Amino acid sequence: MNIETIQVVKQLLDSPKKIVVVGHKNPDGDAIGSCLGLYFFLKKLGHGVTVLMPNDFPDFLKWMPGCETIIIHEKETDKSAVTISDASVIFTLDFNSLSRIGDVREQLEKSNAQFVMIDHHQQPDNYAVAMYSDTAMSSTAEMVFHFMDALDGLSYLDSEIATNLYTGIMTDTGSFRFPSTTATTHRVVARLIESGAKNSSIHQNIYDTNSPNRMRLLGVALKNLTILPEYSTAYIVLSQKELDDNNFKKGDTEGFVNYALSIKGIIFAVIFIENKQDNIVKMSLRSKGDFSVNEFARTHYHGGGHTNAAGGRSSHSLNTTITDFISILPAYKNALT
Ligand code: 5GP
Ligand code: MN
């Protein structure tokens, strides 16, 4: 965090404020963990704080300390609108473009609050008076730790903050194995464990709560895996019917795409998930090395993210989406081989 940004934030927080902390649509472990970690920290500094998410988050995150206080905009739209209009400071975490928050966008655009961004995605938009953006960071949760440090606030670390930040870092780094995991990440994590994060229980809470339905859906996903060796690419398709047949619940497909990426020789993996309700096909894209799925998702799928992990969507049918995808690959043959 640079000196000017720290100064702006210190000024914003020098007296008790009404603060809203917002995460992105379809919140993941890093969105929830970073927002709740910051929530407990700002409360300890004496502010009135509310965490708000555009829509609901998966059950496997519903044990995280403070998660019962989160306002889900989609479920409590009026309360969400009032909370936003009352706020004088709004923190936006784990996203960098207001296009990532669905209908909450309109509320934020109406607000007179000052915005602070904490985020690690590429190509940030310019809406914040204080922008802490660092694409080299493992996770937004790690950034919240550095943010606390910059405000001389590490003495406020407690087990609630530590548990939330640990969960965010663990989920966004694939349990500390993605290339964005640095020696500093490990030092941060060590400090979080010392401050009360129970690493082994957190891992169990997140990864050992599979439902039989999710396991069966994984079976279907793996059966639907297609490998295109000439492009070092593998993809998985899940239709709405397959989701329905296996009683799909939010979060069930999280991580499926990594099985495609784990195949020897594969450097580009995609999962296509049909969503009939929104009339889209949601895609998760992953890569190894220099092939940028951020660029790929931005160019073709109204999406974005990081070099090695991005998301996007198509408004064509599932079949057309796949056919189009395959027809795009030859243009990337050099990058993929
Ligand atoms: P996932 O595939 O797990 O949904 O997302 C992978 C990464 O890409 C995450 O960091 C997520 O925040 C980001 N991401 C997912 N969908 C979108 C999207 O539609 N637009 C942008 N800009 N980023 C996305
Ligand atoms: Mn993140």
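Residues numbered from 1 in each chain as written. Chains lettered and ligands numbered in written order. Predicted model: local features only at pLDDT ≥ 70, side-chain atom pairs only at ≥ 80, totals over all residues. Heavy atoms only, no water.

1. A look at the overall build of the protein
Along its length, the protein carries 14 helices and 12 strands. Expressed along its principal axes, the backbone C-alpha trace of the protein runs to roughly 60 × 40 × 40 Å. Taken over 337 residues, the protein has a buried fraction of 53%. In the protein, which carries 30 positive and 37 negative side-chain charges, the distance between the mean positions of the two groups comes to 4 Å. (Helix = DSSP H or I, 4+ residues; strand = E, 2+ residues; numbered from the N terminus. Buried < 20%, exposed > 50% of the residue type's maximum accessible area, 1.4 Å probe, protein only. Lys, Arg positive; Asp, Glu negative; His and termini not counted. Charge placed at Lys NZ, Arg CZ, Asp CG, Glu CD.)

2. Some words on the nonpolar core
Core analysis: the largest hydrophobic core is formed by 53 residues, its most contacted members being Val21, Leu38, Leu42, Ile70, Phe91, Phe147 and Leu192. If you tally residues by element for this core, the top one is helix 2 (residues 29–44), at eight residues. Discounting residues that sit within four places of it in the chain, leucine 192 has contacts with Phe145, Leu157, Ala162, Leu165, Tyr166, Ile169 and Ala197. Core analysis: the next-biggest nonpolar cluster, separate from the first, contains 23 residues, Phe268, Phe291, Tyr301 and Ile328 among them. (Core = buried A, V, L, I, M, F, W, Y, C linked by side-chain atoms within 4.5 Å. Contact = heavy atoms within 4.5 Å.)

3. A few points about the domain arrangement of the protein
Accessible area lost when the parts come together is the quantity often used to give the size of an interface. Taken domain by domain, the protein holds domain 1 (3–207) and domain 2 (212–336). Listed by partner, the interface residues are 14 residues for domain 1 and 12 residues for domain 2. Around 1000 Å² of area is buried between domain 1 and domain 2 when both sides are counted, 43% of it from carbon and sulfur atoms. For aspartate 59, the salt bridge goes to lysine 249, with nearest N and O atoms at 3.0 Å. Taken together, domain 1 and domain 2 are joined by 10 residue pairs in polar contact (both at pLDDT 80 or more). Split into classes, the residues belonging to the side of domain 1 that touches domain 2 amount to four nonpolar, six polar and four charged. (Domains from an automatic or database assignment. Buried area = accessible area lost by both parts, 1.4 Å probe. Salt bridge = Lys/Arg side-chain N within 4 Å of Asp/Glu carboxyl O. Polar contact = N/O pair within 3.5 Å; in protein donor to acceptor, adjacent residues only side chain to side chain. Nonpolar A, V, L, I, M, F, W, Y, C, P; charged D, E, K, R; others polar.)

4. A word on the sheet that holds strand 2 (residues 48–53)
Read across the sheet, six strands follow the order 3-2-1-4-5-6 without closing on themselves; strand pairing throughout is parallel. Each edge of the sheet is formed by a strand with only one pairing partner; in this case those strands are strand 3 (71–72) and strand 6 (130–133). Bridge count for strand 1 (residues 18–22) against strand 2 is five bridges, and the pairing is parallel. Note that in strand 2 the partner of isoleucine 19 across the bridge is valine 49. Across the sheet, helix 2 lies against strand 1, strand 2 and strand 4 (89–93), angled at about 170 degrees from strand 2, the strand it touches most. (Pairing = 2+ DSSP bridges. Axes fitted to C-alpha atoms, helices over the stretch in contact; angles between N-to-C directions.)

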